[in-house]
Amino acid sequence: MRPDWDSYFIKMALLAATRSTCLRRHVGAVIVKERMVLSTGYNDTPRGVPNCGDGGCARCASDVPAGVGLDTCLCLHAEMNAIIQAAYHGVSIAGASIYVTHQPCLTCAKMILNAGIRRVVFAGDYPDPTARAMLESAGVELVRLD
């Protein structure tokens, strides 16, 4: 059966998540405009920094609860990496949609807003109701896929 566009792109985000080296959660993101993939990302440490499995991020190896101590995490989130990759390669993402395996956190929501992304499609929840409320109040369309 042929998938609809949202299902198609969320499956791409799920595939991007398989590249993640995070020890806690594998997240993938795909930025799309006019049904064309513009950029992808997954959560990982910055270029030149050992990945989580190699000791790059002590927080990822700890037992800190989800959503706590994010300021000590060395990893970039999938949404951040997708936005940064678009900027690095000079690709405009204003007016685009982002497909993410999990609802964005507050920091990623801020980046999504300032990058001009107008639609967020996500598959899994994340414990950050403030991020969701901010995106909604700024007029970003939020779609949760099962």
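As a reminder, the structure under discussion sits directly above these lines.
What counts as what
Every chain is numbered independently, its residues counted from 1 as its sequence is written. Since the coordinates come from a predicted model, pLDDT governs what is reported: local features require at least 70, and pairs of side-chain atoms require 80 or more to be given and counted, while whole-chain, interface and lining totals use all residues. The side-chain values count all of the structure's non-hydrogen atoms but skip hydrogen atoms and water molecules. Helix and strand definitions follow DSSP, with helices as H or I runs of at least four residues and strands as E runs of at least two, each counted in order from the N terminus. With C-alpha atoms as the basis for the radius of gyration, the globule rule is written as 2.2 Å multiplied by the number of residues raised to the power 0.38. Note on exposure labels: buried denotes an accessible area under 20% of the residue type's maximum, exposed denotes more than 50%, and partly exposed covers the range between, all computed with a 1.4 Å probe on protein chains only. In this description, contact between two residues means that some pair of their heavy atoms is separated by no more than 4.5 Å. Where accessible areas are quoted, they stem from the Shrake-Rupley method and a 1.4 Å probe; at the residue level, only the protein chains shown are allowed to cover. All tallies of charge rest on Lys and Arg as positive and Asp and Glu as negative; His and the ends of each chain are not included. Each charge is placed at NZ for Lys, CZ for Arg, CG for Asp and CD for Glu. Polar contacts, as counted here, are pairs of nitrogen or oxygen atoms within 3.5 Å of one another; within protein the pair requires one atom able to donate a hydrogen and one able to accept it, and residues that are adjacent in sequence qualify only if both atoms are side-chain atoms. Any two strands between which DSSP finds at least two bridges are classified as paired. Only C-alpha atoms enter the line fits that serve as axes; for helices the fit covers just the stretch in contact. Angles between N-to-C directions range over 0 to 180 degrees.

Tell me what's going on with the overall build of the protein chain, and back it up with residues and numbers.
Helix and strand counts for the protein chain come out as five helices and five strands. Sequence-ordered secondary structure for the protein chain, helices as α and strands as β, is α-β-β-α-α-β-α-β-α-β. Whereas a compact globule of 146 residues would reach a radius of gyration of roughly 15 Å, the protein chain reaches 15 Å, a difference of no more than 12%. Projected onto its principal axes, the C-alpha coordinates of the protein chain cover approximately 40 × 35 × 30 Å. The buried share of the protein chain, taken over its 146 residues, is 42%. Sequence separation of 24 or more characterises 52% of the internal contacts of the protein chain that already satisfy a separation of 6 or more. A total of about 7,800 Å² of accessible surface is found on the protein chain, and carbon and sulfur atoms cover 55% of it. Side chains of the protein chain give 14 positive and 13 negative charges; the mean places of these two sets differ by 4 Å.

How would you sum up the environment of aspartate 128? Please name residues and give values.
By secondary structure assignment, the location of aspartate 128 is in the loop between strand 4 (119-124) and helix 5 (129-137). On a C-alpha basis, the gap between aspartate 128 and cysteine 105 in space is 5.8 Å, while along the polypeptide they are 23 residues apart. Apart from residues lying up to four places away in sequence, aspartate 128 is in contact with Gln103, Cys105 and Leu106. Polar side-chain contacts of aspartate 128 include one of 2.8 Å to the backbone nitrogen of leucine 106.

Please give an account of the sheet that holds strand 5 (residues 141-144) that cites residues and values.
With mixed pairing, five strands are arranged side by side in an open sheet as 2-1-3-4-5. Edge positions in the open sheet fall to strand 2 (36-42) and strand 5, since each of these has one partner strand only. Pairwise comparison of adjacent strand axes, ignoring direction, gives a mean angle of 20° for this sheet. Two elements, strand 3 (residues 97-102) and strand 4, share five bridges in a ladder whose sense is parallel. Bridge pairing in strand 4 places tyrosine 99 opposite valine 121.

Give me unusual backbone geometry: which residues, what numbers.
Residues other than glycine predominantly adopt negative phi, and peptide bonds predominantly adopt the trans conformation. Notably, glutamate 34 is not glycine yet its phi reads approximately 50°, a positive angle. Here glutamate 34 shows up in the loop between strand 1 (28-33) and strand 2. Residue classification places glutamate 34 among the exposed positions, given a relative accessible area of 73%. Positive phi values are uncommon outside glycine, yet arginine 35 reaches one of about 65°. Of the residues examined, arginine 35 reaches a relative accessible area of 53% and is grouped as exposed.

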